[in-house]
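Architecture and fold: a report
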Amino acid sequence: MNKPYTLALLFTILLYFSGSKKSSAQTTIYPRITGYFSIVHPIGTWNKDGFTGNFGDVYTVGFPFGMNILKSDRFGVSFEIAPTIRTEHGISKVNSVLFHPGAMFRFKHGFTFIGRMAFETNGRFGVTPVFNQVLVKGKNASFFTSIPVPVRFGNNMPASIGAGLQFGVSF
């Protein structure tokens, strides 16, 4: 089995047995700081030249990690750093590091919208709307999935929009 999928399965099992949901009588004290780490697989990118997929001759994978400062049940701010590894012609290297601060808008049933600014060390910049859903909520950790939609400009390249699939654990 592929290592990322094995890790995701292991996280799911651990979170399932990590504890029960918070009781409704228990209140959360704000502000509250949480952390997370994850893996993101870009699906592809569209620009004026057409679609470029991620699973062909070139493969890119990112490892976002960060800190959330939750101000209330509905709002927080997030600070994320995401190193990206690119594999091409049998050579793997760190392609870029993304600095990704954003505002979190939290809704019922574990859904969160995060509007992020994006600053990449490869010279690209832009915004990333992120649609996030908690899949398994444990007492001390939660397993989540996200769909980031990066919009990028700069570095003498055409403007682009992409989509990805992210899996992670927050604690």
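Presented here is an overview of the structure given in this document. (Residues numbered from 1 in each chain as written. Predicted model: local features only at pLDDT ≥ 70, side-chain atom pairs only at ≥ 80, totals over all residues. Heavy atoms only, no water.)

**Digging into the pattern of salt bridges**
Close approach of charged atoms allows side chains of opposite charge to pair. For the structure on display, the rule yields 3 salt bridges. Between Arg86 and Glu88 there is a salt bridge; the shortest N-O distance is 3.2 Å. Two residues, Arg152 and Glu120, come together in a salt bridge whose shortest N-O distance is 2.6 Å. Residue Arg152 is found in strand S11 (residues 151-153), and its partner Glu120 is found in strand S8 (residues 111-120); the two are separated by 32 residues along the sequence. A single burial state applies to Arg152 and to Glu120, both of which are buried. (Salt bridge = Lys/Arg side-chain N within 4 Å of Asp/Glu carboxyl O. Helix = DSSP H or I, 4+ residues; strand = E, 2+ residues; numbered from the N terminus. Buried < 20%, exposed > 50% of the residue type's maximum accessible area, 1.4 Å probe, protein only.)

**Observations concerning the pairing of strand S2 (residues 50-53)**
The sheet contact formed by strand S1 (residues 32-47) and S2 spans 4 bridges and is antiparallel. Opposite Thr45, over in S2, you have Thr52 as the bridge partner. Count of turn residues in the S1/S2 antiparallel hairpin: 2 residues. (Pairing = 2+ DSSP bridges.)

**Thoughts on the pairing of S1**
Strand direction decides the pairing type here: S1 and strand S4 (residues 65-70), joined by 6 bridges, are antiparallel. Within S4, the position partnered with Ile33 by the bridge is Ile69. Examined bridge by bridge, S1 and strand S12 (residues 160-170) share 11 bridges and lie antiparallel to one another. Bridge pairing in S12 links Tyr36 to Ser170.

**Here we look at a nonpolar patch on the surface**
On the surface, a cluster of nonpolar side chains totalling about 860 Å² of accessible area is made up of Phe37, Phe65, Ile81, Phe99, Met117, Phe119, Phe125, Phe153 and Phe171. Within the element layout of this structure, Phe99 appears in strand S6 (residues 91-99). (Patch = residues over 30% accessible without salt bridge, like charges linked within 9 Å, V, L, I, M, F, W, Y side chains within 5 Å. Areas by Shrake-Rupley, 256 points an atom, 1.4 Å probe, with all protein chains shown as cover.)

**Quick word on the packing of aromatic side chains**
Overall, the coordinates contain 8 aromatic pairs when judged by the stated rule. Look at Tyr36 and Phe144: their rings are 6.1 Å apart centre to centre, the planes differ by 80°, and that puts the pair in the edge-to-face class. Of this pair, Tyr36 sits in strand S1 while Phe144 sits in strand S10 (residues 142-148), and the two are 108 residues apart along the sequence. Phe144 matches Tyr36 in its accessibility class, with the two residues each being buried. (Phe/Tyr/Trp six-rings, centres within 6.5 Å; stacked < 30°, edge-to-face > 60°.)

**Considerations on the environment of Gly168**
Relative to the elements of secondary structure, Gly168 occurs in strand S12. C-alpha of Gly168 to C-alpha of Phe143: the two residues are 25 residues apart in sequence and 5.8 Å apart in space. Here Gly168 is in contact with Phe37, Ser38, Ser142, Phe143 and Phe144, once residues within four sequence places are set aside. (Contact = heavy atoms within 4.5 Å.)

Honestly, it's all geometry; don't read function into it.
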